[in-house]
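# Residue-level structural notes
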Amino acid sequence: KTLIRNHKAVVSTQSTGNTVLRSLSRAGALGAGQLCRRGAVPVRLPVITHLVKHSSNDSALMSALNNEILHEEGAVSYESSQNSALSDFTRTEKGATIVLQKQFQGETIRVELDLNNNTELAPAEDDPEENPPQYLPSFKIEISKSQGKLVFNCNYHMTTEEQNLDQFVISEVAFVAPGQEDHMAFTTDFGNLDYVLIEEFENYLTRRGLGAEFSSALFETSAAFEHHNYVNFLKSVRDFV
């Protein structure tokens, strides 16, 4: 079926090109006739060759896009990847961003993950196999109440040899006072805090359902969401071309 669709796409492109050529020829002939009657030199149409060449090149791009879509589309089912560990969050998607939100004992917990902040996991140098790329998400946790909010900037640290999905890493923490803009708040490096304070902050998050199970579920959700967006990107580009 895909090959048939590709063939139709090429035929459609060629038909459109022919229609454009016919229209330009008629317009060019009319313009030339009018100009000749006034004693002017007929106008040449060098753009016609360019249009035919451009259409041919676009057909090759269209074929490459269709092949990539066919290869990627069935790899991950985004609808079936909804993780039950995140079921107590309401979920909002906007473009490349996922926002998870829930209430906990008078607090609002908000998790925001933007795919455009992902970093690619470097492949192992001694790995002979060509594995698909893996992306490490970065995300932000906000815990808000009337006194202000705590903001944790988080990510995943791992290598191809060691992948620990059930423990995200907090890189920075900030306290934002009521009415204060986030970027104006003091932010400190989480790793520079006292060890006991680090451990208690981690326990603080775990009590709010932001521990090991949440960490694994968020990583898997991010991977499926990234793949879903990549396939949609390919389809959008194909439709544009």
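Residues numbered from 1 in each chain as written. Predicted model: local features only at pLDDT ≥ 70, side-chain atom pairs only at ≥ 80, totals over all residues. Heavy atoms only, no water.

Another point: the nonpolar core. In this structure, Val111, Phe139, Ile141, Phe152, Phe168, Leu205 and Phe214 are the most contacted members of the largest nonpolar core, which totals 33 residues. Put simply, the parts of the chain that give this core at least two residues each are strand E2 (97-104), strand E3 (107-114), strand E6 (138-145), strand E7 (148-155), strand E8 (169-176), helix H3 (195-207) and helix H4 (212-240). Top element by residues in this core is H4. It accounts for 5 residues. The contact partners of Val111, leaving out residues within four places of it in the chain, are Phe89, Ile98, Val99, Leu100, Phe139, Lys140, Ile141, Leu210, Phe214 and Leu218. (Core = buried A, V, L, I, M, F, W, Y, C linked by side-chain atoms within 4.5 Å. Buried < 20%, exposed > 50% of the residue type's maximum accessible area, 1.4 Å probe, protein only. Helix = DSSP H or I, 4+ residues; strand = E, 2+ residues; numbered from the N terminus. Contact = heavy atoms within 4.5 Å.)

Taking strand neighbours across the sheet as the criterion, the 7 strands line up as E1-E2-E3-E6-E7-E8-E9 in an open arrangement whose pairing is antiparallel. Looking at strand neighbours, the two that pair on one side only are strand E1 (90-94) and strand E9 (187-189), the edges of this open sheet. Mean inter-strand twist for the sheet, computed between neighbouring axes without regard to direction, equals 20°. In the sheet, E6 pairs with E7 via 8 bridges, with the strands oriented antiparallel. Residue pairing in the sheet places Lys140 in a bridge with Asn153 of E7. Where H3 meets the sheet, it contacts E2, E3, E6, E7 and E8, and its direction lies at approximately 100° from that of E7. Relative to the sheet, H4 contacts E1, E2, E3 and E6, its axis offset from that of E2 by approximately 150°. (Pairing = 2+ DSSP bridges. Axes fitted to C-alpha atoms, helices over the stretch in contact; angles between N-to-C directions.)

Moving on, we get to the side chain of Asn118. Looking at the element boundaries, Asn118 is found in the loop between E3 and strand E4 (119-120). If sequence neighbours within four positions are ignored, Asn118 has contacts with Tyr135, Leu136, Pro137, Ser138, Ser222 and Glu226.

Attention now goes to the environment of Val241. For Val241, the location among the structural elements is in the segment after H4. The class of Val241 is partly exposed, set by a relative accessible area of 33%. Excluding its chain neighbours within four sequence positions, the residues that come into contact with Val241 are Asp58, Leu61, Met62 and Leu65.

Moving on to the pattern of salt bridges. Applying the stated criterion across every chain yields a total of 10 salt bridges. Between Lys145 and Glu107 there is a salt bridge; the shortest N-O distance is 3.8 Å. Placement of the pair is Lys145 in strand E6 and Glu107 in strand E3, with a sequence separation of 38 residues. A salt bridge links Arg238 to Asp239; its shortest N-O distance comes to 3.7 Å. (Salt bridge = Lys/Arg side-chain N within 4 Å of Asp/Glu carboxyl O.)

Another point: the packing of aromatic side chains. How two aromatic rings sit relative to each other is set out by the distance from centre to centre and by the angle between their planes. In the structure shown here, the tally under the stated rule is 9 aromatic pairs. Where Tyr156 meets Phe219, the ring centres are 5.1 Å apart and the plane angle is 75°; that geometry is what we call edge-to-face. Residue Tyr156 is located in the loop between E7 and E8, and its partner Phe219 is located in helix H4; the two are separated by 63 residues in the primary sequence. Exposure class is identical for Tyr156 and Phe219. Each is buried. A connected cluster of aromatic rings, assembled from ring pairs, spans Phe89, Phe139, Tyr156, Phe168, Phe214 and Phe219. Taking NZ or CZ as reference, Arg208 lies 3.7 Å from the ring centre of Tyr204, over its face. (Phe/Tyr/Trp six-rings, centres within 6.5 Å; stacked < 30°, edge-to-face > 60°. Lys NZ or Arg CZ within 6 Å of the ring centre and 35° of its normal.)

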